[in-house]
Amino acid sequence: MRILSIAALAAFGIAASATAWAHGTLEMPISRVYACYQEGPESPKSEACKAAKTVAGPQAFYDWNGVRQGDAGGNHQQVVPDGQLCSGGGAEFRGLDLARPDWTKSSIVPTGAGDYTFVWKATAAHATSYFKYFVTRNGWNPNAPLKWSDLEEFASVPGSAAQKVGDQYRMTVKLPQGRKGDHVIYGVWQRADSREAFYACSDVKFPGDGTPVPTTGWEDQGPLIANSDLSAGSTVTLRVFDPSGRDAGKHSVTLTAATGKAAMWPYTLAQKVNAESQIFRIGVLQSGSGTASIVPAQSATANRLYLSKAYPGYSTEIDKQAPSGGGGTGSWVEGGTYTVGQTVTYQGRSYRCLQAHTAWVGAGWTPATSPTLWQAV
């Protein structure tokens, strides 16, 4: 039986001890565990996340904020053994340590000065001693378990220097020189108010064509993941908010049976947004010959959201609405809001809603896997 994470428990108003849960991971570049969570814990899309689920089950993805050691105290190489860096030495996360080259990768496009903004997603704020960043050495072997000797430290950021923005810690650091192509960035978040530390493996791709790194006017805001198909007639809307949280724009597409596929609706939305918005772009950042462009991809996992540097502090959310207005008596849709007694279909079966709720994107609360929310009829 799946155990809900602290975020899921909070959604149902169930109390949990804060000391029993850990509290963050790298969002940019995205860590392995958070990428798998974004894909959907029960049915991940990528082969690497599928393999990790086979090894340790989906619970590790629900607990994406829990890759940690409670008594690290800065002694990271002592408490996290070689070959277990991505799991932070935790057996429940051992699927993240699989040595394979096909983990989801973030494209690292630094500024002309060689800087990059790292972002930690935090479900709880802590007094912080430091954030440390390591990168794999040139010539490391992605098909062998990751060891400390594969890494070299390139940045250490005092907690006081990190910018707290909502549920994020943001910091700009200078990237190491001489890296091209595929690497792993290893992040460490050491608390100052306890000995606890959090660990994150992020698979990245540095520019590898030997051309000068372009200065881009767009800042990476993280991945746009399609966890499931959306039914024909569904509407997907990218809502834009200014720094004060006021509505600043809205871009909507109505989907067909073809464009509602998981590999197609992000692409369809991206085309709409990129044609209309000066604030955001959706796609894959491509660089070369001193230029950079953002090109939508027909993929459930490859597209990312980018914010124009001319609009600092702007944010977005993506709303999905089924043809009947949030679920109705039609197909279950992730992101929909459901009421007690409402009937939906999912994977060819009918289900009745037992508790009013919103099926938050990425939570995995499908009718087939959430017996506290749905009953087969």
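Residues numbered from 1 in each chain as written. Predicted model: local features only at pLDDT ≥ 70, side-chain atom pairs only at ≥ 80, totals over all residues. Heavy atoms only, no water.

### Re the pattern of salt bridges
Here is step 1: Within the structure shown, the criterion is met by 22 salt bridges.
Here is step 2: With its nearest N and O atoms 3.7 Å apart, the salt bridge here joins arginine 239 to aspartate 319. Here arginine 239 is found in strand S12 (residues 235-241), whereas its partner aspartate 319 is found in strand S17 (residues 315-321), with 80 residues between them in sequence.
Here is step 3: Taken together, the shared-partner salt bridges in this structure form one network comprising Arg68, Arg191, Asp193 and Glu196. (Salt bridge = Lys/Arg side-chain N within 4 Å of Asp/Glu carboxyl O. Helix = DSSP H or I, 4+ residues; strand = E, 2+ residues; numbered from the N terminus.)

### Concerning the sheet that holds strand S20 (residues 349-353)
Here is step 1: Ordered in space as S19-S20-S22, the three strands form an open sheet in which the pairing is antiparallel. In the strand order of this sheet, the two ends are held by strand S19 (343-346) and strand S22 (374-376), each with one partner. Averaged over all pairs of adjacent strands, the angle between strand axes in this sheet comes to 40 degrees, irrespective of strand direction.
Here is step 2: Pairing analysis gives three bridges linking S20 to S22, with the strands arranged antiparallel. The residue bridging arginine 352 from the neighbouring strand is glutamine 375, located in S22. (Pairing = 2+ DSSP bridges. Axes fitted to C-alpha atoms, helices over the stretch in contact; angles between N-to-C directions.)

### A look at the packing of aromatic side chains
Here is step 1: Counted by the stated rule, this structure contains 19 aromatic pairs.
Here is step 2: Seen in terms of ring centroids, tyrosine 34 and tyrosine 37 are 5.9 Å apart; in terms of plane orientation they differ by 10 degrees. Their pairing is stacked. Of this pair, tyrosine 34 and tyrosine 37 both sit in helix H2 (residues 32-39), three residues apart, roughly one helical turn. For the pair formed by tyrosine 34 and tyrosine 37, the shared burial category is buried.
Here is step 3: A network of ring pairs unites the aromatic residues Trp120, Phe131, Tyr169, Trp189 and Phe198 as a single cluster.
Here is step 4: If you follow lysine 132 out to its NZ or CZ, it ends over the ring of tyrosine 130, 4.7 Å from the centre. (Phe/Tyr/Trp six-rings, centres within 6.5 Å; stacked < 30°, edge-to-face > 60°. Buried < 20%, exposed > 50% of the residue type's maximum accessible area, 1.4 Å probe, protein only. Lys NZ or Arg CZ within 6 Å of the ring centre and 35° of its normal.)

### What to know about unusual backbone geometry
Here is step 1: With an omega of -10 degrees, the peptide bond between methionine 28 and proline 29 qualifies as cis.
Here is step 2: Relative to the assigned elements, proline 29 resides in the loop between strand S1 (24-28) and H2.

### Looking at the nonpolar core
Here is step 1: With 32 residues, the main nonpolar core has Phe280, Tyr338 and Trp374 as its most contacted residues.
Here is step 2: Sorting the residues of this core by element identifies S12, helix H6 (265-276), strand S14 (280-288), strand S16 (304-308), S19 and S20 as the ones contributing at least two each.
Here is step 3: Sort the elements by how many residues they give to this core and H6 lands first, with four residues.
Here is step 4: Among residues more than four places away in sequence, those in contact with tryptophan 374 are Trp332, Tyr338, Gln342, Val344, Tyr351, Arg352, Cys353, Leu354, His357, Trp365, Thr366 and Pro367.
Here is step 5: Core analysis: the next-biggest nonpolar cluster, separate from the first, contains 31 residues, Tyr37, Phe61, Val67 and Leu146 among them. (Core = buried A, V, L, I, M, F, W, Y, C linked by side-chain atoms within 4.5 Å. Contact = heavy atoms within 4.5 Å.)

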